[in-house]
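Chain by chain, the residues:
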Amino acid sequence: AYRDPIFHFLTDPLRLSHPEVKFIFTGPSEALMLKMKMSFFVGIFVASPYILYQVWAFVSPGLYKHEKAYAVPFIAAGTLFFLGGAAFGHYYLFPATFRFLVEFGGADMQFLPKVDEYYSFYSWFLLGLGIVFQLPVIIFVPARIGLVTPGFLLRKFKYAVVIAFVVAAIITPTPDMVTQSLLALPMLGLYLLGVGVAALFGKARRREPEETEE
């Protein structure tokens, strides 16, 4: 029922950087299938609170009764970060990426994007951003159980830098360092936010009892 508004919204990042762009499709059923896939894609974001509830239902049996009270904050924060990651990609990262990439065509080439290729580029990248932005929420669970501490996370920050750029290289569908850096830097900020989450909600690691002799 909302296929056209959904299509216009999901293609806005490219139109923001290139208002004159015209999409093309080459198969008779391509437009129909595309708008069905776009509607399904939006459904994932609408259902994100329920999806996160299922994640919490998986880990909650390993928590104490009083720790299970964090279910609502976990789901709310997870939904907020998931949508925040998508908004970051939609309103900032995508327009900057498209502006950077299309400029390489110059005046000698006309940009006529195939709509299905654009959607594949957009959807996988946006889902990856939504998952990556879950980092503070993911850190919350092991911190609350006592598996990680703020000090431990800070000591491993140098590894986090390497992993952030590796993950950015995997998620970004383009080989340029500009797009990868635009994604890796927010990931490092989220990691540091996770350190703060561990400091606020985490517990100290359990230590083995030491034998004392008089």
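Values in this document were obtained by computation on a predicted structure and should not be read as measured data. Residue numbering note: each chain is counted from 1, following its sequence as written. Per-residue local features are limited, in this predicted model, to residues with pLDDT of at least 70; the limit for side-chain atom pairs, both in listing and counting, is 80 or more; totals at the level of whole chains, interfaces and linings are taken over all residues. For side-chain calculations, the full set of non-hydrogen atoms in the structure is used, while hydrogens and water are omitted.

### Brief notes about the environment of Phe111
Within the secondary structure, Phe111 is located in the loop between α5 (71-102) and α6 (115-132). Between buried and exposed lies partly exposed: a residue is buried under 20% and exposed over 50% of the maximum accessible area for its type, with that area taken using a 1.4 Å probe on protein chains only. Classification of Phe111 by relative accessible area gives partly exposed; the value is 35%. Separated by 40 residues in sequence, Phe111 and Gly151 have C-alpha atoms that sit 50 Å apart. For this analysis, residues touch if any pair of their heavy atoms sits within 4.5 Å. In this view, Phe111 contacts Leu14, Val21 and Val102; residues no more than four positions away in its chain are not counted. Numbering goes from the N terminus for both helices and strands, where a helix is a DSSP run of H or I of at least four residues and a strand is a run of E of at least two.

### So, the layout of surface pockets
In this model, the second largest pocket occupies a volume close to 340 Å³. For each structure, a 1 Å grid was placed over the protein atoms alone; sets of points admitting a 1.4 Å probe that cannot get out are labelled cavities, open sets with protein on both sides within 12 Å along at least five of seven lines are labelled pockets, and lining residues have an atom within 4 Å of a point. Considering the residues around the second largest pocket, the lining is formed by 16 residues, among which Leu135, Ile139, Ala160, Ile163 and Tyr191 are closest to the centre. Counting only elements with at least two residues in the lining of the second largest pocket, the list comes to α6, α7 (135-145), α9 (157-171) and α10 (177-201). Residue contributions to the lining of the second largest pocket peak at 5 residues, all from α9. Residues are sorted three ways: Asp, Glu, Lys and Arg are charged, Ala, Val, Leu, Ile, Met, Phe, Trp, Tyr, Cys and Pro are nonpolar, and all the rest, Gly among them, are polar. Residue composition of the lining of the second largest pocket, grouped by class: 15 nonpolar, no polar and 1 charged. Grid points are joined across faces, edges and corners, and a volume is the space filled by probe spheres set on the points.

### Points about the nonpolar core
Among buried residues, those of type Ala, Val, Leu, Ile, Met, Phe, Trp, Tyr and Cys that are joined through side-chain atoms within 4.5 Å constitute a nonpolar core. Phe41, Phe125, Leu126, Leu129 and Leu183 are the most contacted members of the largest nonpolar core, which totals 35 residues. Listing elements by their share of this core, those giving two or more residues are α1 (3-10), α3 (30-46), α5, α6, α9 and α10.

### Topic: the pattern of salt bridges
When the charged atoms of two side chains lie near each other, side chains of opposite charge can form a pair. Salt bridge, as applied in this entry: a Lys or Arg side-chain nitrogen positioned within 4 Å of an Asp or Glu carboxyl oxygen. Applying the stated rule across the entire model yields 3 salt bridges. Notably, a salt bridge pairs Lys114 with Glu30, separated by 3.2 Å at the nearest N-O pair. In this pair, Lys114 is assigned in the loop between α5 and α6 and Glu30 in helix α3, connecting sequence segments 84 residues apart. Look at Glu30 and you get buried, because its relative accessible area is 12%.

### Things to note about the packing of α9 against α10
Close contact between α9 and α10 brings their axes to 8 Å; oriented N to C, the two are set at 135°. Judged by the angle between their axes, α9 and α10 are oblique. Seen along the crossing, α9 lies across α10 with a hand that is right-handed. Within the contact between the two elements, α9 uses Phe157, Ala160, Val161, Ala164, Phe165, Val167, Ala168, Ala169 and Ile171 and α10 uses Met177, Gln180, Ser181, Leu183, Ala184, Met187, Leu188, Tyr191 and Leu192. Residues belonging to the contact of α9 with α10 are distributed by class as follows: 16 nonpolar, 2 polar and no charged. Where helices are involved, their axes are fitted lines through C-alpha atoms of the stretch in contact, as for all axes, and angles between N-to-C directions lie from 0 to 180°. An angle below 35 degrees is treated as roughly parallel, one above 145 as roughly antiparallel, one from 65 to 115 as roughly perpendicular, and anything else as oblique. Left-handed describes a crossing whose near helix is turned anticlockwise from the far helix by less than a right angle; the clockwise case is right-handed.

### What about the confidence of the model for the protein?
The pLDDT value tells you how sure the predictor is about a given residue, anywhere from 0 up to 100. When the pLDDT values of the protein are averaged, the result is 81; 91% of them are 70 or greater. Per-element confidence in the protein is highest for helix α8 (residues 150-155), whose mean pLDDT is 88, and lowest for helix α2 (residues 12-17), whose mean pLDDT is 81. A low-confidence stretch, residues 206-214 (pLDDT under 50), is modelled with 1 contact involving residues beyond four sequence positions or located in other chains.

### Remarks on a nonpolar patch on the surface
Within this analysis, patches are made of residues with over 30% relative accessible area and no salt bridge. Like charges are joined at 9 Å or less; nonpolar side chains (Val, Leu, Ile, Met, Phe, Trp, Tyr) at 5 Å or less. Here, Shrake-Rupley sampling with a 1.4 Å probe gives the accessible areas, and only protein chains in the shown set may cover a residue. A contiguous nonpolar surface patch, about 310 Å² in accessible area, is contributed by Leu32, Met33 and Met36. As for its position among the elements, Leu32 is in helix α3. Take Leu32: its relative accessible area is 54%, and that puts it in the exposed class.

### A closer look at the packing of aromatic side chains
Each pair of aromatic rings taken from Phe, Tyr and Trp, with Trp reduced to its six-membered ring, is defined by centres within 6.5 Å and is described as stacked if the planes are under 30 degrees apart, edge-to-face if over 60, and tilted in the remaining cases. On inspection of all chains with the given rule, the structure shows 18 aromatic pairs. Aromatic pair Phe41 and Tyr122: ring centres 6.2 Å apart, planes at 65°, arrangement edge-to-face. Here Tyr122 lies in helix α6 and Phe41 lies in helix α3, a separation of 81 residues in the sequence. Judged by its relative accessible area of 1%, Tyr122 falls in the buried class. A centroid spacing of 6.2 Å and a plane angle of 55° characterise the contact between Phe94 and Phe121, whose relative ring orientation is tilted.

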